[in-house]
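Geometric and topological summary
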Amino acid sequence: MQCNIQRKLFMVYISTSASVCVIAMLTVGRYSSLSVVSRSFLLSLYFFFSVWGFHIKSGNYGIGLFASMAVLLCVGWSASFWVFLSVLAAVFAFWLRMIRSCRSSWKIGYREIVTLIVLGACLAAVAISGMRSGYANFLVDYQVRNGGLHLDSLVLMACANMMNHYGANSMGVHGLVPAGYHVFSNLLYAMAGNALGIKIYQVYGYCSSIVFIPLLFLSILALGEEVVPSKSGAGAYAAFLVLISIFVGFWGRGNFSRYGLLWDSYFVSESYCIGLIFLLAFISYLLSSRSKSIVISSLFLLVLSTCKVSVGFVGLAFLVVYELFLSDEEVPASVKEKHHGGARIHTVKGASRHNRAIRNTAIYLLLYGCILSRFPIGANFPASSHRPAFEFMHFMTAYMPGDIIARLGTAVAVLVLNFMHYFFVWVALSVALIYYLTDRESYERICRIALFMAIAAVIGFVSMSMPIGGGSGYYFSNVSMFISIPVILSLKHYISRDTRETKSHAATIAAAAIILFGICGSLCYGIPYVANGIQRLSRQVEVAKSDAPVSGYTGQLQRISEDNSTKNCLVYIPKKEKDYWDRDSQCGRPALLIPALSERPALFGLPSKSCMSDGYFLFNKFDERIIEESAAPDIQTQTLCRETRRLGFDGYVEATSSSYARIGCR
């Protein structure tokens with residue numbers, strides 16, 4: 001990647017991150033924490049310097065990102081903000097050393113600075129629009145106080161807290177019962193919180209938009225540059241515009257959600273966002289010319305699978321296809337010479353490429369099987385929801401509005417869904433056809449990622465016909481969109497000055513038509529959508545300002561988290577505390593608030609039995625005795641201590657809306 005293009009990519013990343021901070025602070029004002037915003041931006045600076053530096057050092061974006069994440073995990077383990085600042089200074093020095101060879105291209109004019117800021121602001125507006133859903137936003141401190149966080153957010157926070165303080169992947173609703181729920185993303189958020197010296201719920205509320213969504217954009221752009229490199233700055237700017245149009249333009253997100261069910265869960269699901277970032281980095285690694293290491297490939301597979309099982313499965317499919325059909329690496333062979341009856345016999349020792357591919361494929365399949373057995377993601381759902389089944393286009397009938405199916409008919413609705421849901425796949429295939437007709441050299445580079453895109457689309461189509469609980473089939477089926485985007489970004493090749501000698505007028509017209517269609521969609525649909533998202537965020541301020549009946553309990557839970565004497569204690573809130581347990585519309589939220597805010601496991605913190613039968617998240621794993629005892633209005637101290645000792649803790653903390661008391665049980 002050329003130095004000036006690399007510079008533009010990373011400058012847009014940091015511009016996007018800074019713009020998120022500015023726009024969100026202007027939107028929610030004093031209801032957000034300036035200190036947390038500043039520390040989150042420092043994490044963006046860390047990725048800016050480290051990923052860029054490792055990228056130059058290794059020559060590959062995927063390796064650069066992986067190395068940067070590995071260093072962050074080590075820093076987070078130290079749980080010291082001062083260590084993080086020291087490492088930030090070190091990676092800054094490392095970055096200065098790495099860019100020496102690129103300094104000749106660092107002539108930045110006024111126009112370029114303005115352009116990069118505007119592009120960053122546009123991408124930031126897209127990132128902030130995801131805050132409208134109420135999952136993660138800068139009002140998280142007030143949402144915590146009022147117990148208004150979404151159930152999915154609380155699961156993340158509970159698991160990350162249990163992993164951070166007790167080394168257990170558990171939701172902590174009754175002791176530390178194991179859970180197979182997004183292990184790596186929980187670990188990453190926990191370590192990020194440790195490194196920055198902030199709470200995990202603040203990492204979720206602030207860093208998701210300031211750091212990780214811009215990092216997702218950077219990963220898409222970097223992979224696009226590795227597929228078809230830009231040869232001028234105009235090509236890079238064209239790629240930025242296409243990327244913005246993809247997320248807000250074309251037929252509009254509202255139409256995609258209605259007819260194609262392309263939700264924006266990549267913004268609100270931290271595990272999906274992190275999984276996609278690593279998947280794009282992994283594809284960058286697979287497409288690179290460097291020799292592939294089975295160790296690095298296995299580590300990528302481990303991270304992908306423990307981020308999101310759907311993304312991990314797609315990554316496994318890519319690895320298998322790469323090893324069996326795309327790998328052209330020669331395996332070194334040793335030759336031994338023997339003398340037999342005066343004749344020389346040469347014996348070649350070493351595996352052939354075919355045997356090596358079979359061996360590596362077996363290793364990856366075994367590793368993936370071990371991951372699933374160690375972290376049984378499917379166990380999070382009721383048994384009825386993950387039985388093997390195939391119901392053609394189940395996803396459509398379950399989630400597509402019934403009036404559309406009735407009005408269009410099933411056959412037409414299937415066609416509409418497949419066109420809209422895989423819209424970007426069809427566009428990418430059209431782009432590949434343009435390259436096939438006009439630029440065979442670039443077409444050869446596109447072929448491999450197009451194959452990965454087709455594999456992801458097939459896997460997604462199968463998942464759309466399986467009744468996977470909670471709509472999780474979406475996470476399989478939508479992966480193909482993100483693999484399509486780098487191919488679509490290569491349209492820059494035809495509207496910039498990159499390849500005047502190879503581009504044809506027809507190809508230029510076709511590329512310009514696609515881009516103009518996206519820009520028109522951005523103007524018609526994107527601007528109102530983003531504006532509506534920001535307005536909804538502003539309206540959430542009014543909700544955040546008012547106290548809820550649960551505020552007293554959440555305040556006590558936060559005080560417990562700061563009390564080191566309760567470190568080896570469980571937290572018990574009796575069911576007779578009706579203001580806490582019976583005033584919530586989201587089933588299971590009060591149960592998860594305890595470990596999410598107190599950073600301690602709960603004792604008999606299970607929700608009602610009806611909630612557990614309808615809900616997910618391992619509530620159905622507890623035996624009848626625990627469920628019955630947990631439902632009691634108030635439990636005797638003797639019973640509480642007996643269960644506390646059985647779970648391996650020294651005591652428990654009984655909390656009410658006004659106070660808490662520590663009770664020893666040893």
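In what follows, the accompanying structure is described. (Residues numbered from 1 in each chain as written. Predicted model: local features only at pLDDT ≥ 70, side-chain atom pairs only at ≥ 80, totals over all residues. Heavy atoms only, no water.)

Among the nonpolar cores identified, the biggest contains 219 residues, and L43, F47, F212, L215, F247, F318 and I483 are the most heavily contacted of them. Among the elements that make up this core, the one with the highest residue count is helix α9 (residues 200-227) (19 residues). Once residues lying within four places of it in the same chain are set aside, the contact partners of F47 are Y13, W52, S68, M69, L72, V211, F212 and L215. (Core = buried A, V, L, I, M, F, W, Y, C linked by side-chain atoms within 4.5 Å. Buried < 20%, exposed > 50% of the residue type's maximum accessible area, 1.4 Å probe, protein only. Helix = DSSP H or I, 4+ residues; strand = E, 2+ residues; numbered from the N terminus. Contact = heavy atoms within 4.5 Å.)

Quick look at the packing of aromatic side chains now. Throughout the structure, instances matching the rule amount to 39 aromatic pairs. A ring pair is formed by F217 and F247, whose centres lie 5.3 Å apart and whose planes are at 65 degrees; its orientation type is edge-to-face. Placement of the pair is F217 in helix α9 and F247 in helix α10 (residues 233-248), with a sequence separation of 30 residues. Accessibility classification places F217 together with F247 in one group, the buried group. Put simply, the rings of Y46, F47, F81, W82, F84, Y189, Y204 and F212 pair up and form one aromatic cluster. Here R39 stacks its cationic end above the ring of F81, 3.9 Å away from the centre of that ring. Here the guanidinium or amino end of R440 rests over the ring plane of Y436, the centre of that ring lying 3.9 Å away. (Phe/Tyr/Trp six-rings, centres within 6.5 Å; stacked < 30°, edge-to-face > 60°. Lys NZ or Arg CZ within 6 Å of the ring centre and 35° of its normal.)

Turning to the packing of helix α7 (residues 151-166) against helix α28 (residues 589-598), a few remarks are in order. It is at 8 Å that the axes of α7 and α28 come closest, and there the two elements cross at 35 degrees. Here α7 runs over α28; the crossing is left-handed. Contacts between α7 and α28 involve L151, L154, V155, M157, A158, N161 and M162 on the former and, on the latter, R589, L592, L593, P595 and A596. Classifying every residue of the contact of α7 with α28 by side-chain character gives 10 nonpolar, 1 polar and 1 charged. (Axes fitted to C-alpha atoms, helices over the stretch in contact; angles between N-to-C directions. Left-handed = near helix turned anticlockwise from the far one by under 90°. Nonpolar A, V, L, I, M, F, W, Y, C, P; charged D, E, K, R; others polar.)

As a further point, take the pairing of strand β4 (residues 651-655). With respect to burial, β4 is a largely interior element, 4 of its 5 residues being buried. Sheet topology note: the strand β3 (residues 569-572)/β4 ladder contains 4 bridges and is parallel. When the bridges of β4 are listed, L570 appears paired with Y652. Here 5 bridges tie β4 to strand β5 (residues 660-664), and the two strands are oriented antiparallel to one another. (Pairing = 2+ DSSP bridges.)

Turning next to the environment of L372. Position of L372 among the secondary structure elements: in helix α16 (residues 353-374). Put simply, L372 and S305 are 67 residues apart on the chain and 8.1 Å apart in space, counted from C-alpha to C-alpha.

The next subject is the state of the cysteines. As enumerated under the stated definition, the model contains 1 disulfide in all. Put simply, C641 and C665 are joined by a disulfide, and their sulfur atoms are 2.2 Å apart. Since a negative S-S torsion denotes a left-handed disulfide, the C641-C665 link at about -70 degrees is left-handed. Taken as a pair, C641 in helix α31 (residues 637-646) and C665 in the segment after β5 lie far apart in primary sequence, 24 residues in all. C665 gets classed as buried once you look at its relative accessible area, which sits at 5%. (Disulfide = S-S within 2.5 Å.)

There is a patch of nonpolar side chains on the surface, built from F390, F392, V458 and V462 and spanning about 410 Å² of accessible area. Following the sequence through the fold, V462 ends up in helix α21 (residues 440-463). V462 gets classed as partly exposed once you look at its relative accessible area, which sits at 36%. (Patch = residues over 30% accessible without salt bridge, like charges linked within 9 Å, V, L, I, M, F, W, Y side chains within 5 Å. Areas by Shrake-Rupley, 256 points an atom, 1.4 Å probe, with all protein chains shown as cover. Salt bridge = Lys/Arg side-chain N within 4 Å of Asp/Glu carboxyl O.)

Taking 1.5 Å of rise per residue, 22 residues should cover 32 Å, and α16 covers 31 Å from first to last C-alpha, within 8% of that figure. Of the residues making up α16, those classed as buried are R356, A357, N360, T361, Y364, Y368 and I371. Seen along its axis, α16 keeps its buried residues to an arc of 130 degrees; they face one direction. Facing away from the buried side of α16 by more than 90 degrees, the exposed set consists of L366, S373 and R374. Among the structural elements, α14 (294-307) and α15 (309-326) are those in contact with the buried residues of α16. (Expected span 1.5 Å × (residues − 1). Arc of directions from axis to C-beta.)

Along the polypeptide, S442 turns up in helix α21. Not counting the four nearest positions on each side in its chain, S442 is found in contact with V228, Y435 and H493.

Turning to unusual backbone geometry, a few remarks are in order. Even without a glycine there, the phi angle at A79 is positive, about 55 degrees. Within the fold, A79 resides in the loop between α3 (61-78) and α4 (81-98). The backbone of E599 shows a phi angle near 60 degrees, a positive value even though the residue is not glycine. Among the secondary structure elements, E599 is positioned in the loop between α28 and α29 (609-614). Given a relative accessible area of 9%, E599 falls into the buried group.

That is the geometry; function is a separate question.
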